[in-house]
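# Chain and residue survey
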Amino acid sequence: MMHRVKDLSPEQRLTVEALLGRSVSNDEAVSIRAVVPATVIPSRLSPDERADAMRRIDRYFARVDAARKPVSEDEEEAIFLEAMRSVRPDYRPVE
Amino acid sequence: MKIVLDTTVLIRAHSRSDTLARRLLHEILERGRRLVLSNEIISETVKVLRYPAFQDLYGLTDADLLEYRQFLQNVSDLVVLDPQYRVPFLRDPNDAHILQTAERGEADILCTHDADFHEDPAVLSFCATRGIEVCTEKSLLAKLRAA
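Residues numbered from 1 in each chain as written. Chains lettered and ligands numbered in written order. Predicted model: local features only at pLDDT ≥ 70, side-chain atom pairs only at ≥ 80, totals over all residues.

### Looking at the overall build of chain B
A tally of regular secondary structure across chain B gives nine helices and five strands. Secondary structure elements in chain B, listed N-terminal to C-terminal, are β-α-α-β-α-α-α-β-α-β-α-α-β-α. The C-alpha atoms of chain B give a radius of gyration of 15 Å, which matches the 15 Å a tight globule of 147 residues would have. The dimensions of chain B, computed from C-alpha atoms along their principal axes, are 40 × 35 × 25 Å. Among the 147 residues that make up chain B, the fraction classed as buried is 44%. Sequence separation of 24 or more characterises 72% of the internal contacts of chain B that already satisfy a separation of 6 or more. (Helix = DSSP H or I, 4+ residues; strand = E, 2+ residues; numbered from the N terminus. Rg over C-alpha atoms; globule rule 2.2 N^0.38 Å. Buried ≥ 20, exposed ≤ 12 C-beta atoms within 10 Å, placed from the backbone. Contact = placed C-beta atoms within 7 Å.)

Written out as structure tokens, the structure is:
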């Protein structure tokens, strides 16, 4: 529903201006709508597109495997721990 | 089945070609399960992958990191997090975005390597009352293959 600004009460006009973050003039009209914000944005990939994404990420991981420096599992675990603690200082891996 | 993979799992997918985390991604995405993430989890994952010691090990380029970020964004259901969300009982407040992603995303399973989610009775109770099962990569993989 449209509301002419010139027909708004002073209180309504102030509220509209506060919501818009600017002043409004008498020759304008406003419309306010209440919406529920989406909490979850679903993936829009079709099954074929999802399969294609998996093929591409497999190629990505193949490149990662090829470029990885040869380190022991213990060394790699230590790097994981150090890197995780850079974002979660109290991080402890489950046994 | 809706599954949240924590940053601790998403970075482990880079570990080795036979890594559990990489197999999990395949199991989830090839069998029609829903991978549930948030931009906060994805950003944290990229931040960890940018960590200097990680860069020394893997040498990931900006293009590589962008590719992984876009992959995760495309294949997952993205939960929009509430910045006001608070979990007073959390030992580590840096875990809040993981818990919130699972709760708001109505996840069935939260898969993480973070001990807080497996050992803290308050976190386990919080998850249990919301129908969220906390799993390791190994237990989740076994569950998916048995289903």
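### Describing the overall build of chain A
A tally of helices and strands in chain A yields three helices and three strands. Shown N-terminal to C-terminal, the secondary structure of chain A runs as helices and strands in the order β-α-β-β-α-α. Its C-alpha atoms give chain A a radius of gyration of 28 Å, clearly above 12 Å, the size a compact globule of 95 residues would have. Per-residue burial for chain A yields a buried fraction of 7% across its 95 residues.

### Regarding the pairing of strand 2 (residues 34–38) of chain B
Residue and element names in this part refer to chain B. Of all five residues that make up strand 2, five are buried, and the element is covered over most of its length. Burial along strand 2 is two-sided: R34, V36 and S38 facing one way and L35 and L37 facing the other are all buried. Direction of pairing for strand 2 relative to strand 3 (residues 76–79): parallel, over a ladder of four bridges. Within strand 3, the residue paired with V36 across the bridge is D77. (Pairing = 2+ DSSP bridges.)

### A word on the nonpolar core
Residues and elements named next belong to chain B. Within the largest apolar cluster, 46 residues are counted, with the highest numbers of intra-cluster contacts made by I3, V4, L37, L110 and C111. Of the residues forming this core, the biggest block, six residues, is contributed by helix 2 (residues 20–30). In this view, L37 contacts V4, L5, I42, L72, S76, L78 and T101; residues no more than four positions away in its chain are not counted. (Core = buried A, V, L, I, M, F, W, Y, C linked by C-beta atoms within 7 Å.)

### Structural notes on the interface of chain A and chain B
Taken together, the contacts link 34 residues of chain A with 38 residues of chain B. When contributions to the side of chain A that touches chain B are tallied by element, the ones reaching two or more residues are strand 3 (40–41), helix 2 (47–67) and helix 3 (73–85) of chain A. With two bridges connecting them, strand 3 of chain A and strand 3 of chain B associate as antiparallel partners. Among the inter-strand pairings, I41 of chain A is bridged to a residue of strand 3 of chain B, identified as L78 of chain B.

### Description of the confidence of the model for chain A
Predicted confidence across chain A gives a mean pLDDT of 89, with 96% of residues reaching 70 or more. Looking at the elements of chain A, mean pLDDT is at its lowest for helix 1 (residues 10–20) of chain A, recorded as 90, and at its highest for strand 3 of chain A, recorded as 92. (pLDDT = per-residue confidence, 0-100.)

### Quick word on the sheet that holds strand 4 (residues 109–111) of chain B
In sheet architecture, strand pairing relies on hydrogen bonds along the backbone and comes in two forms, parallel and antiparallel. Taken together, the six strands give an open sheet; going across it, the order is 3(A)-3(B)-2(B)-1(B)-4(B)-5(B), and neighbouring strands pair in mixed fashion. A strand with exactly one partner marks an edge of an open sheet, and here the two such strands are strand 3 of chain A together with strand 5 (133–135) of chain B. The pairing of strand 1 (residues 2–5) of chain B with strand 4 of chain B spans three bridges and is classified as parallel. Of the residues in strand 4 of chain B, the one forming a bridge with I3 of chain B is I109 of chain B.

### Points about the packing of helix 2 of chain B against helix 9 (residues 137–146) of chain B
Residues and elements named next belong to chain B. Two elements in contact, helix 2 and helix 9, have axes whose closest approach is 10 Å; the angle formed by their N-to-C orientations is 35 degrees. Relative to helix 9, the crossing made by helix 2 is left-handed. Residues L20, A21, R23, L24 and E27 of helix 2 form the contact with helix 9, whose participating residues are E137, K138, L140, L141 and L144. (Axes fitted to C-alpha atoms, helices over the stretch in contact; angles between N-to-C directions. Left-handed = near helix turned anticlockwise from the far one by under 90°.)

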